[in-house]
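Here is how the chains run, residue by residue.
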Amino acid sequence: MSRLDSAIRRLEAQRDCLDRAAGMVTDVPGPVFELGLGNGRTYDHLRASMPDRIIFVFDRHIAAHPDRIPPDDCLFLGDFRETLPAAVDRFRGSVALIHADIGTGDADASRGLARALLPALVLLLAKGGVLVSDQPQVDERLHAEPLPPGVPAGRYFLYRSD
Ligand code: SAM
């Protein structure tokens, strides 16, 4: 498989998991959290597929195309390790869907970051809310959900909160 094939499959898996997650939370009220704006690709997909949801976006900086930058009142700039725990007071138990696309080329650092964010993620999710993640997570309140057809195990991760 070429690097191009692999990039296409990764993006297809990401899109298919986001679409699956959006379908899983149709009966769960609440906002969406996007962790990792990057160039705004998945933010743009989420706002197109869930036009009635408020989407709050977290990143340490803005590097997206201008038409994919969220409004100021939906943007939390800074390190996830600070901005996410700080959001718990306001959003505890109310977030319908969290997309955590936080990985870098450093697999160990990405897993470490995911572990550090897990306690806040669990507190933020609404009952029945869904975490879509590029990193695996382990918590007794998060239940792994089947991936969409064609998405190989370990490529992306879907969890529902109890
Ligand atoms: N979802 C994006 C897209 O579709 O374009 C790509 C996100 S990219 C893989 C990861 C993003 O997470 C980067 O924009 C990076 O700045 C951000 N990030 C990584 N670690 C972070 C941290 N500790 N705090 C805040 N932002 C972080």
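Report on the accompanying structure. (Residues numbered from 1 in each chain as written. Predicted model: local features only at pLDDT ≥ 70, side-chain atom pairs only at ≥ 80, totals over all residues. Heavy atoms only, no water.)

Remarks on the sheet that holds strand 2 (residues 55-59)
Reading across from one edge, 3-2-1-4-5-7-6 is the order of the 7 strands in this open sheet, with mixed pairing throughout. One side of each edge strand has no neighbouring strand; the edge strands of this open sheet are strand 3 (75-77) and strand 6 (142-144). Here the average twist between neighbouring strands, direction ignored, is 20°. Where strand 1 (residues 32-35) and strand 4 (residues 95-100) come together, 4 bridges link them in parallel fashion. Bridge assignment links Leu35 to a residue of strand 4, and that residue is Ala100. Docked against the sheet, helix 1 (residues 3-24) engages strand 4, strand 5 (125-133) and strand 7 (157-161), running at close to 175° with respect to strand 5. (Pairing = 2+ DSSP bridges. Helix = DSSP H or I, 4+ residues; strand = E, 2+ residues; numbered from the N terminus. Axes fitted to C-alpha atoms, helices over the stretch in contact; angles between N-to-C directions. Contact = heavy atoms within 4.5 Å.)

Re the pattern of salt bridges
Across all of its chains, the model carries 6 salt bridges by this definition. Taking the shortest distance from any N to any O, the salt bridge between Arg47 and Asp44 comes out at 3.0 Å. Pair noted here: Arg47 and Asp44 are both in helix 2 (residues 41-49), with a separation of 3 residues, about one helical turn. Asp79 is the salt-bridge partner of Arg60, the closest N and O atoms lying 3.9 Å from each other. In this pair, Arg60 is assigned in the loop between strand 2 and strand 3 and Asp79 in the loop between strand 3 and helix 3 (80-91), connecting sequence segments 19 residues apart. (Salt bridge = Lys/Arg side-chain N within 4 Å of Asp/Glu carboxyl O.)

Observations regarding the site of the ligand
Taken together, 19 residues lie around the ligand, and Gly36, Thr42, Asp59, Phe80 and Asp101 are the ones closest in. Contact between the ligand and Thr42: a nitrogen atom at 2.8 Å from a side-chain N or O atom of the residue. Backbone polar atom of Arg60 to a nitrogen atom of the ligand: 3.1 Å apart, as the coordinates give it. Across the complex, the protein chains shield 86% of the 610 Å² of accessible surface that the ligand would expose by itself. Counting residues per element, the ones that place at least two in the shell around the ligand are helix 2 and helix 3. Among the residues making up the shell around the ligand, the classes are represented as 4 nonpolar, 8 polar and 7 charged. (Near = heavy atom within 4 Å. Polar contact = N/O pair within 3.5 Å; in protein donor to acceptor, adjacent residues only side chain to side chain. Areas by Shrake-Rupley, 256 points an atom, 1.4 Å probe, with all protein chains shown as cover. Nonpolar A, V, L, I, M, F, W, Y, C, P; charged D, E, K, R; others polar.)

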